[in-house]
Amino acid sequence: MTTPIPTKNIAETVRDLMSDGADFSFITAPDPEQALTAPVLVSVPHGRKVEDLTKHMREAAQYLKPARRKGTAKLATLQSLIDWANRFKGATSILYANPDRSAPSLTCIANYHGEGGATLDATSPDETANYGDHRGVYTFPLSKEWQRWMKVSGKPMDKDEMAQFIEDNAKDFMNPTPALLNPGTIESQLVWENRLIEIAEKIGGRFGQHLKLVHMSREFAVHEVSNLSVTSNRDTGESTISFVNEHKDTTGQPLQIPNLFLIAIPVFESGALYRLPVRFQYRKQGGALKFSLTIYDPDRALDDAFDEAVKTATEATSLPVLEGTAEA
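Residues numbered from 1 in each chain as written. Predicted model: local features only at pLDDT ≥ 70, side-chain atom pairs only at ≥ 80, totals over all residues. Heavy atoms only, no water.

Draft legend 1. Representation of the overall build of the chain in the model. When helices and strands are counted, the chain shows nine helices and 13 strands. Considering only residue pairs separated by 6 or more positions, the chain has 59% of its internal contacts joining residues 24 or more positions apart. (Helix = DSSP H or I, 4+ residues; strand = E, 2+ residues; numbered from the N terminus. Contact = heavy atoms within 4.5 Å.)

And the structure:
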């Protein structure tokens with residue numbers, strides 16, 4: 001006799017296949033208290049394919065609340081940067097001051113690396129290492145006044161162009177003090193006055209009042225007179241003949257004009273005013289007359305304004321400061 005072979009209907013066959021394919025097992029199970037660090041691997045159907053669920057577990061753990069702070073805030077004022085630093089600073093926070101004159105900036109890194117050397121241990125992470133990706137950045141905006149003056153500083157202008165610029169920016173001018181107008185006759189007691197007097201001595205300058213500059217920009221005229229000059233060398237007997245050009249005013253008197261004026265403008269937006277000497281120069285070429293207004297040593301004012309701002313932030317936050325840019 002033959003033994004009958006048990007048969008299954010189609011529904012039973014499909015049921016058994018689904019049962020075999022629906023099962024899965026953990027290779028490593030998650031620790032409920034450390035879902036952000038422990039890898040989660042499971043073996044699933046379809047040829048027992050291995051799936052890494054670590055990413056999904058971490059996303060689920062941070063669905064309602066992030067695991068840590070990160071991101072970069074761009075602050076509009078220095079005070080906002082100070083407030084941001086005081087709000088988020090910790091034991092490892094730091095300030096980075098970038099003195100680049102084209103784009104000075106101040107950055108607070110709330111989660112910077114801790115002090116000391118790195119701990120190299122294969123069994124545990126470096127306790128002083130940190131991500132350094134929670135930052136507040138303040139880029140110093142140059143004031144509109146500073147940008148206007150730097151645009152024309154040293155640039156040749158005709159009389160009408162200079163007159164228009166002076167009228168448009170009349171509020172920036174300040175009249176020199178008596179000590180600046182009469183150096184040597186009045187003893188100055190102010191540090192900034194003494195500094196400006198020293199500058200005038202170095203470049204052979206003489207300060208003038210704002211109204212004098214306005215008058216010159218409207219009515220300035222130069223008459224050039226050429227005189228023959230003969231000089232002799234007694235040792236060799238040689239003679240040199242040359243023409244000496246003298247600039248005189250409309251009355252024929254030697255031209256004597258002030259060549260330094262004073263402005264007070266902020267370097268950065270909403271910053272303190274800086275007294276800056278402006279050098280007035282003219283060039284006569286044939287019948288053409290060109291003028292220039294040149295700020296004397298503007299880099300010094302820019303550096304000083306930046307240093308003062310960094311000092312303010314350092315004192316207000318009690319954080320250490322480094323000059324330069326932090327690691328990317």
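Draft legend 2. Main features of unusual backbone geometry. Even without a glycine there, the phi angle at Ser270 is positive, about 65°. Positioned with a positive phi, Ser318 is a non-glycine residue whose angle comes to about 60°.

Draft legend 3. Fine view of a negative patch on the surface. A cluster of acidic residues, Asp304, Asp307, Glu308, Glu315 and Glu323, forms a negative patch at the surface. If you tally residues by element for the negative patch, the top one is helix α9 (residues 298-317), at four residues. Mapped onto the fold, Asp307 is located in helix α9. (Patch = residues over 30% accessible without salt bridge, like charges linked within 9 Å, V, L, I, M, F, W, Y side chains within 5 Å. Areas by Shrake-Rupley, 256 points an atom, 1.4 Å probe, with all protein chains shown as cover. Salt bridge = Lys/Arg side-chain N within 4 Å of Asp/Glu carboxyl O. Lys, Arg positive; Asp, Glu negative; His and termini not counted. Charge placed at Lys NZ, Arg CZ, Asp CG, Glu CD.)

Draft legend 4. Focus on the confidence of the model for the chain. Across the chain, the average pLDDT comes to 81, with 73% of residues at 70 or higher. Here residues 232-249 is modelled with pLDDT under 50, and outside its nearest four sequence neighbours on either side it reaches 45 contacts, counting other chains as well. (pLDDT = per-residue confidence, 0-100.)

Draft legend 5. Main features of the packing of aromatic side chains. Counting across every chain of the model gives nine aromatic pairs. An angle of 75° between the planes, with centres 5.9 Å apart, marks the rings of Tyr96 and Tyr112 as edge-to-face. Placement of the pair is Tyr96 in strand β5 (residues 94-98) and Tyr112 in the loop between β6 (105-109) and β7 (134-139), with a sequence separation of 16 residues. When the ring of Phe261 is compared with that of Phe280, the centres are 6.3 Å apart and the planes differ by 90°; the resulting orientation is edge-to-face. Linking Phe261 in strand β10 (residues 260-266) with Phe280 in strand β11 (residues 273-285), this pair joins segments that are 19 residues apart in sequence. Overall, Phe280 belongs to the buried group, its relative accessible area being 2%. (Phe/Tyr/Trp six-rings, centres within 6.5 Å; stacked < 30°, edge-to-face > 60°. Buried < 20%, exposed > 50% of the residue type's maximum accessible area, 1.4 Å probe, protein only.)

Draft legend 6. A look at the sheet that holds β7. In spatial order, the strands read β4-β7-β6-β5-β13; together these five strands make up an open sheet with mixed pairing. This sheet does not close on itself; its edge strands, each paired only once, are β4 (71-75) and β13 (321-323). For this sheet, the mean angle separating the axes of adjacent strands, direction not counted, is 20°. Where β5 and β6 come together, five bridges link them in antiparallel fashion. Bridge pairing in β6 links Ile94 to Ile109. In the packing of helix α3 (residues 78-88) onto the sheet, contacts are made with β4, β5, β6 and β7, and the angle to β7 comes to roughly 165°. Lying on the sheet, α9 is in contact with β5, β6 and β13; it crosses β5 at an angle near 175°. (Pairing = 2+ DSSP bridges. Axes fitted to C-alpha atoms, helices over the stretch in contact; angles between N-to-C directions.)

Draft legend 7. Summary view of the pattern of salt bridges. What the rule picks out here adds up to seven salt bridges. With a closest N to O distance of 3.7 Å, Glu145 and Lys171 form a salt bridge. Note that Glu145 is positioned in helix α4 (residues 144-152) and Lys171 in the loop between α5 (159-168) and α6 (178-181), a separation of 26 residues in sequence. Residue classification places Lys171 among the exposed positions, given a relative accessible area of 58%.

Draft legend 8. Molecular detail of α4. Among the residues of α4, those classed as buried are Glu145, Trp146, Trp149 and Val152. Around the axis of α4, the buried residues are gathered within 140° of arc, so they sit on the same side. Exposed side of α4, more than 90 degrees from the buried face: Lys144 and Lys151 are the residues found there. (Arc of directions from axis to C-beta.)

Draft legend 9. Quick peek at the environment of Asp172. Looking at the secondary structure, you find Asp172 in the loop between α5 and α6. Sequence separation between Asp172 and Ile263 is 91 residues, and the spatial gap between their C-alpha atoms is 5.3 Å.

Draft legend 10. Looking closely at the pairing of β7. Summarising burial for β7: five of the six residues are buried, a large majority. Bridge count between β4 and β7: five bridges; the pairing is parallel. Within the sheet, the bridge partner assigned to Leu75 lies in β7 and is Tyr138. Pairing geometry for β6 and β7, over five bridges, is antiparallel. Note that in β7 the partner of Ile109 across the bridge is Arg135.

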